[in-house]
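Read off the chains here:
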Amino acid sequence: MTSSLLNTFQQNEHPMLVVGDADDRARQEFVKSLKTYIQQDILPLVQNAYQTRATAKFNKTHEHDPKDYREAREAFADDPIFKAYLSINRSSQELQWFSVIDGIEGEIAELEKKAEAVPKAGGTLKIDEGFVVPKYISELDIHCMPGGYCGPSDVSKLYTGALYDRGVYIYALGYMGPNNDDMGRSVCNYISRNYPDFKPTSILDMGCTVGHSTLPYAELFPESEVHAIDVSEACVTYGHYRAEGLGLPVHFKLANAEKTDYPDESFDLIVSHILLHETSKNAMPKIFKECMRLLKPGGIMIHADLPPFDDMDPYTQLILDNETWYNNEPFWTAMRNTDQIETAVEAGFKREDIKFDTAPMAIMELIGQSESYSEDMAQELTDREFTAGEYAPGGGWEVLIAQKAV
Amino acid sequence: MNQHKVIKGKRPAFYEAPESDYLMHMVMVLAQELSATRDRLDTLEKLSAQKNQVTAEEIESYTPDQATLEEREARRQVFLGNLFSVMNQESAELKARDSKSRFNQVIDDIASGKID
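Here the structure is a predicted model, which means the values were calculated and not measured. (Residues numbered from 1 in each chain as written. Chains lettered and ligands numbered in written order. Predicted model: local features only at pLDDT ≥ 70, side-chain atom pairs only at ≥ 80, totals over all residues. Heavy atoms only, no water.)

Mind showing me how you'd approach the overall build of chain A here?
When helices and strands are counted, chain A shows 13 helices and 8 strands. In summary, chain A has a C-alpha radius of gyration of 21 Å against a globular reference of 22 Å for 406 residues, a match within 12%. C-alpha atoms of chain A, sized along the principal axes, occupy 65 × 55 × 45 Å. Counting all 406 residues of chain A, 63% fall into the buried class. Sequence-distant contacts in chain A: of pairs separated by 6 or more residues, those separated by 24 or more amount to 80%. Summed over its atoms, the accessible surface of chain A is roughly 15500 Å², and 50% of this surface lies on carbon and sulfur atoms. (Helix = DSSP H or I, 4+ residues; strand = E, 2+ residues; numbered from the N terminus. Rg over C-alpha atoms; globule rule 2.2 N^0.38 Å. Buried < 20%, exposed > 50% of the residue type's maximum accessible area, 1.4 Å probe, protein only. Contact = heavy atoms within 4.5 Å. Areas by Shrake-Rupley, 256 points an atom, 1.4 Å probe, with all protein chains shown as cover.)

Written out as structure tokens, the structure reads:
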């Protein structure tokens, strides 16, 4: 165990959250425990097997250590510890979604009624007919979530958002905070601290799913109008009711970040959180260009996503590359091999106005929001080093920032 | 089997023998179910201790009524569906004629720009 503390993080309840009955919750707790065990206790065994027998075996035939993730995979593919790790990890992902599905299927009728009764907070929901979901979202069920972001066609529009809301909390082992909002909260803090004079009055969150990262903007920039778009009707629909239930006004819309119908220069701030790696080679440059079009002069775009592979050792690259092949993340590795700075330059941002930085995790500030988020746990989390294969980053989230010239 | 518990995208093969892929997943489901049962038992024990009500003898001699029989059978069927979900996944892939080559093609197409 790298951790001496037990992870007993619990998700905050809200009117739209479905956790299921006592057995469903116990199964979900088991998945959280299993994932914790895999990451803290099994991963070190995997790393050891790689550094010892896999590297030695590779050296016999190649006379050098693996140089990148492709060679690392060649060296490690047949290792029994690696295979067991991959298959257990895959099953943990399947059990996670399945244990949430059981609860949702038992409570979906009740959830529909709850949505109708949710108090109004001033937000809106706009769904345009004839919207076409991009294939990079629909070809594979990303994260192995059954039905994918858009969900199966034969269920309530609230089903898939409810599945994502609860499933992601378990997936993140609670490290995203009791409201799953640490990424948004961290970027908000980053903006306030690094751009103290920047007071956005209009904010757009691209690829918002159910609005986990969106809501901190509505909470922490109360003077601003907050808009949020996603290509999943199911996600924005659930997100709308969730936001209303939590008392925060957000304007959700079914829209593709590559091309929206907002007028030019509509926003002071455009953000995204773990959106870019769910897109494609063709979509990412279009999204940056759309940000350039939609930003007011002096406006800022911030994409919180994955750091490039460049500076990582081959083993770390390999463990991360597994997401592509074993967790249905088609653009995960290709995105890390894309030059994001160059992509932003091509979209019209000045090179000197673009940079990568780290937004420190806001989780320390969540202490006291609920009993399970103790000071010790939060401190331990922020003190961690980044370890491939674990959910949360060490200390902070990677952000790409570009400011539009005045 | 619950057809909502199927994931689009060919499930990877981890072992030489496909049966081993089934088995590892089934062991994980069993572990999950055992863990859930232990949690429920723990709840029962803690509540019983507080209320000083249920005894081991009473548990031993309990006879389920018809409604309970139905409830338990329904629960076991769901459990078995979970246990064998990995085979259900494969069956759904066969029906949809899904393949590892289509999976690889999607990854290539997204990286190369063939898919918008």
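So, next bit.
Would you mind showing me how to read the packing of helix α5 (residues 159-171) of chain A against helix α8 (residues 233-245) of chain A here?
When two helices pack together, their arrangement is given by the angle between the helix axes and the distance between those axes. All names here are of chain A. Look at α5 against α8: their axes get within 7 Å of each other, and the N-to-C directions meet at 70°. Judged on the interaxial angle alone, α8 and α5 are roughly perpendicular. Seen from α5, the contacting residues are T160, G161, A162 and D165; seen from α8, they are A234, Y238 and R242. Of the residues in the contact of α5 with α8, the class split is 3 nonpolar, 2 polar and 2 charged. (Axes fitted to C-alpha atoms, helices over the stretch in contact; angles between N-to-C directions. Parallel < 35°, antiparallel > 145°, perpendicular 65-115°, else oblique. Nonpolar A, V, L, I, M, F, W, Y, C, P; charged D, E, K, R; others polar.)

I keep staring at the nonpolar core and nothing clicks. Help me out?
Note on soluble globular proteins: their nonpolar side chains tend to be buried together. Residue and element names in this part refer to chain A. Within the largest apolar cluster, 99 residues are counted, with the highest numbers of intra-cluster contacts made by F76, Y85, M206, I270, M301 and F349. If you tally residues by element for this core, the top one is helix α3 (residues 80-117), at 13 residues. Setting aside residues no more than four positions away along its own chain, M206 makes contact with I229, A257, I270, V271, S272, H273, L275, I287, E290, C291 and L294. The next biggest cluster of nonpolar side chains, apart from the first, holds 42 residues, and it includes Y217, L254, A304 and M377. (Core = buried A, V, L, I, M, F, W, Y, C linked by side-chain atoms within 4.5 Å.)

Is there a simple way to explain a nonpolar patch on the surface in this structure?
On the surface, a cluster of nonpolar side chains totalling about 320 Å² of accessible area is made up of L41(B), L44(B), V54(B) and I59(B). With a relative accessible area of 40%, V54(B) lands in the partly exposed category. (Patch = residues over 30% accessible without salt bridge, like charges linked within 9 Å, V, L, I, M, F, W, Y side chains within 5 Å. Salt bridge = Lys/Arg side-chain N within 4 Å of Asp/Glu carboxyl O.)

Quick question: what am I supposed to make of the interface of chain A and chain B here?
A common measure of how large an interface is: the accessible area buried when the components associate. Taken together, the 48 residues of chain A in the interface contact 40 residues of chain B. Summed over both partners, the interface of chain A with chain B buries about 3900 Å², with 60% contributed by carbon and sulfur atoms. When the area that chain A buries against chain B is broken down by residue, the three leading residues are R27(A), F98(A) and W325(A), summing to 15%. The salt bridge partner of E16(B) is K83(A), with a shortest N-O separation of 2.9 Å. Scanning the region where chain A abuts chain B turns up 19 residue pairs in polar contact (both at pLDDT 80 or more). Looking at the side of chain A that touches chain B, the elements with two or more residues in it are α1 (22-62), α3, α4 (135-138) and α10 (314-326) of chain A. The greatest single-element share of the side of chain A that touches chain B, amounting to 14 residues, is contributed by α3(A). (Buried area = accessible area lost by both parts, 1.4 Å probe. Polar contact = N/O pair within 3.5 Å; in protein donor to acceptor, adjacent residues only side chain to side chain.)

I keep staring at the packing of aromatic side chains and nothing clicks. Help me out?
Aromatic rings in a pair are described by how distant their centres are and how their planes are angled relative to each other. All names here are of chain A. All told, the structure shown has 10 aromatic pairs over all chains when counted by the stated rule. Here the aromatic rings of Y69 and F309 are separated by 5.2 Å at their centres, their planes lie at 50°, and the arrangement is tilted. Residue Y69 is found in helix α2 (residues 69-76), and its partner F309 is found in the loop between β6 (295-305) and α10; the two are separated by 240 residues along the sequence. Measuring from ring centre to ring centre gives 6.4 Å for Y217 and F221, while their planes differ by 20°; the resulting arrangement is stacked. The buried category is assigned to Y217, whose relative accessible area is 0%. One aromatic cluster is present, formed by Y50, F76, F82 and Y315 through successive ring pairs. The side chain of K253 reaches across the aromatic face of Y262, ending 4.1 Å from its centre. (Phe/Tyr/Trp six-rings, centres within 6.5 Å; stacked < 30°, edge-to-face > 60°. Lys NZ or Arg CZ within 6 Å of the ring centre and 35° of its normal.)

Just checking my understanding: could you explain helix α9 (residues 283-294) of chain A for this structure?
For α9(A), spanning 12 residues, the distance from its first C-alpha to its last is 16 Å, which sits close to the expected 16 Å at 1.5 Å a residue. Taken together, the buried positions of α9(A) are occupied by A283(A), M284(A), I287(A), F288(A), E290(A), C291(A), M292(A) and L294(A). (Expected span 1.5 Å × (residues − 1).)

Explain the sheet that holds strand β5 (residues 267-273) of chain A to me, please; I cannot follow it from the model alone.
Sheet strands associate in pairs through backbone hydrogen bonding, adopting either a parallel or an antiparallel arrangement. All names here are of chain A. Ordered in space as β1-β4-β3-β2-β5-β6-β8-β7, the 8 strands form an open sheet in which the pairing is mixed. In the strand order of this sheet, the two ends are held by β1 (124-126) and β7 (354-360), each with one partner. Direction aside, the axes of adjacent strands within the sheet are offset by 20° on average. For strand β3 (residues 225-230) and strand β4 (residues 251-254), the ladder comprises 4 bridges, and the chain directions are parallel. Bridging from a neighbouring strand, I229 pairs with K253 of β4. Strands in contact with helix α6 (residues 182-194) are β5, β6, β7 and β8 (396-403); relative to β7, the strand with the most contacts, it is inclined by about 115°. Against the sheet, α9 makes contact with β2 (202-206), β5, β6 and β8, and its axis sits at roughly 150° relative to β6, the strand it touches most. (Pairing = 2+ DSSP bridges.)

Spatial relationships are all this shows, so hold off on functional conclusions.
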